[in-house]
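Results of the structural survey
This is what each chain is made of:
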Amino acid sequence: EDQVTQSPEALRLQEGESSSLNCSYTVSGLRGLFWYRQDPGKGPEFLFTLYSAGEEKEKERLKATLTKKESFLHITAPKPEDSATYLCAVQEVSGGYNKLIFGAGTRLAVHP
Amino acid sequence: GAVVSQHPSRVICKSGTSVKIECRSLDFQATTMFWYRQFPKQSLMLMATSNEGSKATYEQGVEKDKFLINHASLTLSTLTVTSAHPEDSSFYICSAVRLAGGPNAAADTQYFGPGTRLTVL
């Protein structure tokens, strides 16, 4: 069965303490892997799309990487405003209508 | 990035009434939109896929007669919760997939609306 697993479930960091979030996936064929950020009471905000193993993308303090089995979201020198839930989702080659399979998310809290 | 709006952002209604939620893609056309619901501290649960000009495709366990979806144009999809009950109280979020070839958004990416908080008394 296709599955997307994110770890850790929750992460508490001190401001400036870099870390990584993990997203492992098992799908029959990956069309794309997506990272979103979600603040409480709001819809997910698009961050990155990764399409093939070895690909990397960066945006400010965030960098997303992709292998054949997992993706990492690296957060460098985080600030309190980076606190949010980070969602990973995959789109299958065989999936219809651009359907996404979401992980449960990682709740990140960055403390000053 | 692409912008998706939802209206209303918050609604409180009495049990037994129907509620309509609108989802609009503001700066791109979307042949496909999705409707999700989300419970506190849980991830998004896909309810249905909405395709412009055709019937929606519902996920297993989602009652199509209770959650009516209409995708009337390339920029508008609506979700109507009919005869709402307290157990329908949730956060409803829509997303839109940009039509390939559009100017402002990456292909195949779902852009999400801000969500609608529904409370049924």
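A brief report on the enclosed structure follows. Please read all numbers here as calculations on a predicted model, not as lab measurements.

For the rest of this paragraph, the subject is the overall build of chain A. Along its length, chain A carries zero helices and eleven strands. Each helix and strand of chain A, placed in order from N terminus to C terminus, yields the pattern β-β-β-β-β-β-β-β-β-β-β. Expected size for 112 residues packed as a compact globule is a radius of gyration near 13 Å; at 14 Å, chain A falls within 12% of this value. Taking the principal axes of the C-alpha coordinates as reference, chain A spans close to 45 × 30 × 20 Å. When burial is assessed residue by residue, chain A has 45% of its 112 residues classed as buried. Excluding contacts between residues fewer than 6 apart, the proportion of contacts in chain A whose partners are at least 24 apart in sequence is 55%. With an accessible surface of roughly 5500 Å², chain A has 48% of that area assigned to carbon and sulfur atoms. Here chain A holds 13 positive side-chain charges and 15 negative ones, and the gap between their average locations is 2 Å.

Now for the nonpolar core. General note: in soluble globular proteins, nonpolar side chains tend to be found buried as a group. In terms of nonpolar packing, the biggest core is built from 26 residues, with Val4(B), Phe28(B), Trp35(B), Phe67(B), Leu79(B), Tyr92(B) and Leu118(B) touching the most fellow members. Within the residue set of this core, elements represented by two or more residues are strand 2 (10-13), strand 3 (19-25), strand 4 (32-38), strand 5 (45-51), strand 7 (67-73), strand 8 (76-81), strand 9 (90-97) and strand 11 (116-120) of chain B. The next biggest cluster of nonpolar side chains, apart from the first, holds 23 residues, and it includes Leu13(A), Leu73(A), Ala84(A) and Cys88(A).

Attention now goes to the interface of chain A and chain B. Between chain A and chain B, the residue contacts involve 20 residues of the former and 21 residues of the latter. Of the roughly 1600 Å² buried between chain A and chain B, counting both surfaces, carbon and sulfur atoms make up 54%. Joining chain A to chain B, the criterion identifies one salt bridge. Lys99(A) is the partner of Glu59(B) in a salt bridge, and the nearest nitrogen-oxygen pair spans 3.1 Å. Counting the contacts that link chain A with chain B gives six residue pairs in polar contact (both at pLDDT 80 or more). Split by residue class, the side of chain A that touches chain B holds ten nonpolar, seven polar and three charged.

Turning next to the pattern of salt bridges. Pairing of side chains with opposite charge becomes possible as their charged atoms draw close. Applying the stated criterion across every chain, the model contains seven salt bridges over all chains. The salt bridge partner of Arg37(A) is Asp39(A), with a shortest N-O separation of 3.0 Å. Linking Lys66(B) and Asp88(B) is a salt bridge whose minimum nitrogen-to-oxygen distance equals 2.9 Å. Linking Lys66(B) in the loop between strand 6 (57-58) and strand 7 with Asp88(B) in the loop between strand 8 and strand 9, this pair joins segments that are 22 residues apart in sequence. Here Lys66(B) matches Asp88(B) in class, with each residue buried.

Reading the values: rules and limits
Residues numbered from 1 in each chain as written. Chains lettered and ligands numbered in written order. Predicted model: local features only at pLDDT ≥ 70, side-chain atom pairs only at ≥ 80, totals over all residues. Heavy atoms only, no water. Helix = DSSP H or I, 4+ residues; strand = E, 2+ residues; numbered from the N terminus. Rg over C-alpha atoms; globule rule 2.2 N^0.38 Å. Buried < 20%, exposed > 50% of the residue type's maximum accessible area, 1.4 Å probe, protein only. Contact = heavy atoms within 4.5 Å. Areas by Shrake-Rupley, 256 points an atom, 1.4 Å probe, with all protein chains shown as cover. Lys, Arg positive; Asp, Glu negative; His and termini not counted. Charge placed at Lys NZ, Arg CZ, Asp CG, Glu CD. Core = buried A, V, L, I, M, F, W, Y, C linked by side-chain atoms within 4.5 Å. Buried area = accessible area lost by both parts, 1.4 Å probe. Salt bridge = Lys/Arg side-chain N within 4 Å of Asp/Glu carboxyl O. Polar contact = N/O pair within 3.5 Å; in protein donor to acceptor, adjacent residues only side chain to side chain. Nonpolar A, V, L, I, M, F, W, Y, C, P; charged D, E, K, R; others polar.

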